[in-house]
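# Summary of the model geometry
Listed below are the residues making up each chain.
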Amino acid sequence: MTHPGGNITGFTLGEFSIGAKMLQLLKDIAPRVSHAAVVLNPDQTPQVALWRAIEGVAPSVGVRLTAIEVHDVVGIERPIEAFAREPAGGLVVLPNPVTLQHRELIIALTARLRLPAVYGLRIFCAEGGLLSYGTDLLDGYRQAAVYVDRILKGASRATCRSSSRPNSSWSST
């Protein structure tokens, strides 16, 4: 991705190391967190890669991990409530269709259970979540339009690199 130039082009929502940074940010905003639950869908290959990045950094930040596997709305509430019974916990919520679709429920749960949480998409913060680190989807769509425009006007795919980088957002609540 850092050296484009072939005939293949495209976009990615992020790099897997973002998962590691999400855990580090959770520890930064809530230093007492010693146990983190990662909300993910293990049926999606990118989610597994993010999980592995988080696993890789967990020992260095002194955090034990638990996976909360979500496939639909049924698998969200009870596992998070059960996790919240343990002290010194926090959440890392990976972006996937299930967490995105049920973000209101997840945000409300973390608030009610007083769990610090880091989300993978900015929209979670815009709707009341504590902190996000990852891609701003709307910005990505805007940049995609510019990228396509350049290519349609004859620019080489190799010169049409996006400057999008992960961003972090804090909730104003």
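Structural data are supplied above this passage.
What counts and what doesn't
Residues numbered from 1 in each chain as written. Predicted model: local features only at pLDDT ≥ 70, side-chain atom pairs only at ≥ 80, totals over all residues. Heavy atoms only, no water. Helix = DSSP H or I, 4+ residues; strand = E, 2+ residues; numbered from the N terminus. Polar contact = N/O pair within 3.5 Å; in protein donor to acceptor, adjacent residues only side chain to side chain. Core = buried A, V, L, I, M, F, W, Y, C linked by side-chain atoms within 4.5 Å. Buried < 20%, exposed > 50% of the residue type's maximum accessible area, 1.4 Å probe, protein only. Contact = heavy atoms within 4.5 Å. Salt bridge = Lys/Arg side-chain N within 4 Å of Asp/Glu carboxyl O. Phe/Tyr/Trp six-rings, centres within 6.5 Å; stacked < 30°, edge-to-face > 60°. Axes fitted to C-alpha atoms, helices over the stretch in contact; angles between N-to-C directions. Parallel < 35°, antiparallel > 145°, perpendicular 65-115°, else oblique. Left-handed = near helix turned anticlockwise from the far one by under 90°. Nonpolar A, V, L, I, M, F, W, Y, C, P; charged D, E, K, R; others polar.

It is worth spelling out the side chain of Asn-96 at this point. Position of Asn-96 relative to the elements: it lies in the loop between strand 3 (89-93) and helix 4 (97-101). For Asn-96, the side chain forms a polar contact with the side chain of Gln-47, separated by 2.8 Å. Only 3.0 Å separates the side chain of Asn-96 from the backbone nitrogen of Thr-99, close enough to count as a polar contact.

Further remarks concern the nonpolar core. Formed by 24 residues in total, the largest nonpolar core has its most connected members in Met-22, Leu-23, Leu-26, Val-38, Ile-54, Val-92 and Leu-94. Listed by contribution, the elements that provide at least two residues to this core are helix 1 (17-29), strand 1 (35-40), helix 2 (45-61) and strand 5 (131-135). Not counting residues up to four positions away in its chain, the partners in contact with Ile-54 are Gly-19, Ala-20, Leu-23, Val-38, Leu-65, Val-92 and Leu-94.

Attention now goes to the pattern of salt bridges. Applying the stated criterion to the full structure yields five salt bridges. Note that Arg-112 is salt-bridged to Glu-77, the shortest N-O span being 3.8 Å. Of this pair, Arg-112 sits in helix 5 (residues 103-112) while Glu-77 sits in helix 3 (residues 77-84), and the two are 35 residues apart along the sequence. Residue Glu-77 is classed as partly exposed on the basis of its relative accessible area of 34%. Across the pair Arg-112 and Glu-81 runs a salt bridge, and its minimum N-O distance is 2.7 Å. Separated by 31 residues along the polypeptide, Arg-112 in helix 5 and Glu-81 in helix 3 bring together distant segments of the chain. Judged by relative accessible area, which is 22%, Glu-81 ranks as partly exposed.

Here we take up the packing of aromatic side chains. How two aromatic rings sit relative to each other is set out by the distance from centre to centre and by the angle between their planes. Counted by the stated rule, this structure contains one aromatic pair. With 4.7 Å between their ring centres and 10 degrees between their planes, Tyr-119 and Phe-124 make a pair best called stacked. Both residues of the pair, Tyr-119 and Phe-124, belong to the buried class.

Time to look at the packing of helix 3 against helix 5. Two elements in contact, helix 3 and helix 5, have axes whose closest approach is 11 Å; the angle formed by their N-to-C orientations is 20 degrees. Taken together, the axes of helix 3 and helix 5 lie roughly parallel to each other. In this structure, helix 3 crosses over helix 5, and the sense of that crossing is right-handed. Within the contact between the two elements, helix 3 uses Glu-77, Ile-80 and Glu-81 and helix 5 uses Leu-105, Leu-109 and Arg-112. Tallied by class, the residues present in the contact of helix 3 with helix 5 amount to three nonpolar, no polar and three charged.

Function cannot be inferred from these measures alone, as they are strictly geometric.
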